[in-house]
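# What the coordinates show
As a plain string of letters, each chain reads:
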Amino acid sequence: MQRLAALALPLFVVACSDAAASTTNDDAGSTSDAASTNDAGPNDGATRDAAIDAPSTACQGARDASAIAPVLFYNLTNAPFPGTAHPDVAVHVPTGFDGTRRPGLIVFFHGFDNCVANVMGSVDTACTAGGAARDALHLVDQLDAAHVNAILVAVEIDFDQATGSPGELTTPGKFHAMLHELFTDHLNAVTGCTLDVGDLDRVVVSSHSGGYQAAAATIAHGQVTQLREIDLLDSLYGEIPTFDGWVQTNVKRFDPMRTDGLRWVDVYTSTGGTDTNSRTMSTSAAMWLSAAGLSASYFDDDTTATLVPADYAHPVIFKHSALPHGDVPKYYFQQLAQASGFAPL
């Protein structure tokens, strides 16, 4: 642990406990979400930026992450809301992560009334001392169960607030700068690698509920060319032009045969308030893909049946779920991580 002690910025460490409570099929239910079901925000219609990253991978190979804490917390200068009293990111490096084998990254944005420490764990806890317990999303347990060579980073947006404001993520290049700072100042000491954003094989951005605004900001302003997948987990409340534009502009890359292929997943519910937007976008996506000769890339299931692995292989997925709003990420996060194209562990 000498590497950790050498880190310049404050490091907070907690251990996640208990078994995951995620369900084994889509129709099973559990507790309700602490987040609002009306996480709405304005559309901004921003266009996607781009950046070129120069790979610089140098690594010691596979490392046993069991020697470090299950969840690491860091404060970052390039965070969405820097300078608060709370950790800006929560990080989980799975056991056996190997920076030489197509290293991957999942970035997760939580919804209203939550925080990164709680969503990573398996037990509902209060984000604010003396406050109400918030909905734990079992993200660490699910990533470990997925057995993929990817690091999980939950990014703090508005801490324990009924808002999904993306903060500084709307600044061009801020998302890239945040990841660069995280790897070069902190995670390389943990993984034994010299990794930067350009060394990542793929980046997946996942949002729940009100986190959609931050997810849209990564498309519009993030300047991360390794961004390969957007997963909205009952989260399509707004930013429609941004999400539509990402799929439509890049429609030819939603081809499973392409080495630089993209993926889009939207899981929606009838109770969460995302169904109308989701069905409208699904209809549009079907037309865009058909015009590009990629109808086979499109999958839409408006039932609440449980998907099978072959369904997740489609690059564009719209899925109706009967799960409560707060349970959607507790089930689908693992399923999507397994299907995202990461190197297996």
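Residues numbered from 1 in each chain as written. Predicted model: local features only at pLDDT ≥ 70, side-chain atom pairs only at ≥ 80, totals over all residues. Heavy atoms only, no water.

## As for the environment of R258
You can see R258 is positioned in the loop between α6 (240-249) and β12 (263-269). R258 sits in the partly exposed class, given a relative accessible area of 34%. If near-sequence neighbours (up to four positions away) are discounted, R258 is found in contact with K252 and R253. From its side chain, R258 meets the backbone oxygen of K252 in a polar contact 3.5 Å long. (Helix = DSSP H or I, 4+ residues; strand = E, 2+ residues; numbered from the N terminus. Buried < 20%, exposed > 50% of the residue type's maximum accessible area, 1.4 Å probe, protein only. Contact = heavy atoms within 4.5 Å. Polar contact = N/O pair within 3.5 Å; in protein donor to acceptor, adjacent residues only side chain to side chain.)

## Thoughts on the confidence of the model for the chain
Counting all residues, the mean pLDDT for the chain is 85, and 83% of those residues have values of 70 or more. pLDDT under 50 marks residues 1-56. Its contacts with residues more than four places away, or in other chains, come to 160 contacts. (pLDDT = per-residue confidence, 0-100.)

## Overview of empty space enclosed by the protein
Within this structure, the stated rule accounts for one cavity of 30 Å³ or more. Volume-wise, the largest cavity comes out at about 40 Å³. Looking at the largest cavity, the residues that line it are I106, V204, S206, D231, F333, L336, A337 and S340. Counting residues per element, the ones that place at least two in the lining of the largest cavity are β10 (202-208) and α9 (328-339). With three residues, α9 is the single largest residue contributor to the lining of the largest cavity. Looking at side-chain class alone, the lining of the largest cavity contains five nonpolar, two polar and one charged residues. (1 Å grid on protein atoms, 1.4 Å probe; cavity = no way out; pocket = protein on both sides within 12 Å on 5 of 7 lines; lining within 4 Å. Points joined across faces, edges and corners; volume = space filled by probe spheres on them. Nonpolar A, V, L, I, M, F, W, Y, C, P; charged D, E, K, R; others polar.)

## Some remarks on the pairing of strand β5 (residues 104-109)
Counting buried positions along β5 gives six out of six residues, so the element sits mostly inside the fold. With six bridges joining them, β5 and strand β8 (residues 150-155) adopt parallel strand pairing. Within the sheet, the bridge partner assigned to F108 lies in β8 and is A154. Summarising the sheet, β5 and β10 pair through six bridges and their orientation is parallel. Note on β10: the bridge partner recorded for G104 is R202. (Pairing = 2+ DSSP bridges.)

## A look at the nonpolar core
Counting 58 residues, the largest nonpolar core has F243 and W264 as the members making the most contacts within it. In terms of residues, this core owes the most to one element, helix α4 (residues 174-191), which gives seven residues. Sequence-distant contacts of F243, defined by excluding residues within four places in its chain, comprise Y212, A215, A216, I219, I230, L232, L236, G238, W264 and M281. Counting residues in each nonpolar core, the second largest holds 33 residues, with I106, A150, L323 and Y332 among its members. (Core = buried A, V, L, I, M, F, W, Y, C linked by side-chain atoms within 4.5 Å.)

## Here we look at the packing of aromatic side chains
Any two aromatic rings considered together are summarised by their centre-to-centre distance and by the angle between their planes. The final tally for this structure, using the stated rule, is seven aromatic pairs. Through pairs of rings, three or more aromatic residues link up here, namely F243, W264, Y298 and F318. (Phe/Tyr/Trp six-rings, centres within 6.5 Å; stacked < 30°, edge-to-face > 60°.)

## Observations concerning the layout of surface pockets
To find leftover empty space, one rolls a probe the size of a water molecule over the atoms. Of the pockets and cavities examined, the largest pocket occupies roughly 210 Å³. Around the largest pocket, the lining comprises 15 residues; the ones closest to its centre are R202, P256, R263, S340 and G341. Residues of the lining of the largest pocket, tallied by class, amount to six nonpolar, three polar and six charged.

## Section: unusual backbone geometry
Even without a glycine there, the phi angle at R102 is positive, about 45 degrees. For R102, the position within the fold is in the loop between β4 (89-92) and β5. Although it is not a glycine, S209 sits at a positive phi angle of roughly 55 degrees. Within the fold, S209 resides in the loop between β10 and α5 (212-221).

## Here we look at the environment of P241
Among the secondary structure elements, P241 is positioned in helix α6. Assessed through its relative accessible area of 39%, P241 is described here as partly exposed. P241 sits 25 residues away from A216 along the chain, and the two C-alpha atoms are 9.5 Å apart.

## Digging into the environment of E229
Tracing the backbone through its elements, the reader meets E229 in strand β11 (residues 227-233). The class for E229 is buried, based on a relative accessible area of 1%. In sequence terms E229 and I106 are 123 residues apart; their C-alpha atoms lie 9.4 Å from each other. Excluding anything up to four places from it in sequence, E229 contacts V203, V204, V205, W246, R263, V265, L336 and S340. Looking at E229, its side chain comes within polar contact range of the side chain of R263, at 3.0 Å.

## Structural notes on the packing of helix α3 (residues 139-146) against α9
Orientation of α3 relative to α9, taken along the N-to-C sense of each, is 30 degrees, at an axis distance of 9 Å. As summarised for this structure, α3 and α9 are arranged roughly parallel, according to the angle between their axes. Considering how the two elements wind past one another, α3 and α9 form a crossing that is right-handed. Between α3 and α9, the contacting residues are L139, Q142, L143, A145 and A146 on the first element and P329, K330, Y331, Y332, F333, Q334, A337 and Q338 on the second. Taken together, the residues of the contact of α3 with α9 sort by class into nine nonpolar, three polar and one charged. (Axes fitted to C-alpha atoms, helices over the stretch in contact; angles between N-to-C directions. Parallel < 35°, antiparallel > 145°, perpendicular 65-115°, else oblique. Left-handed = near helix turned anticlockwise from the far one by under 90°.)

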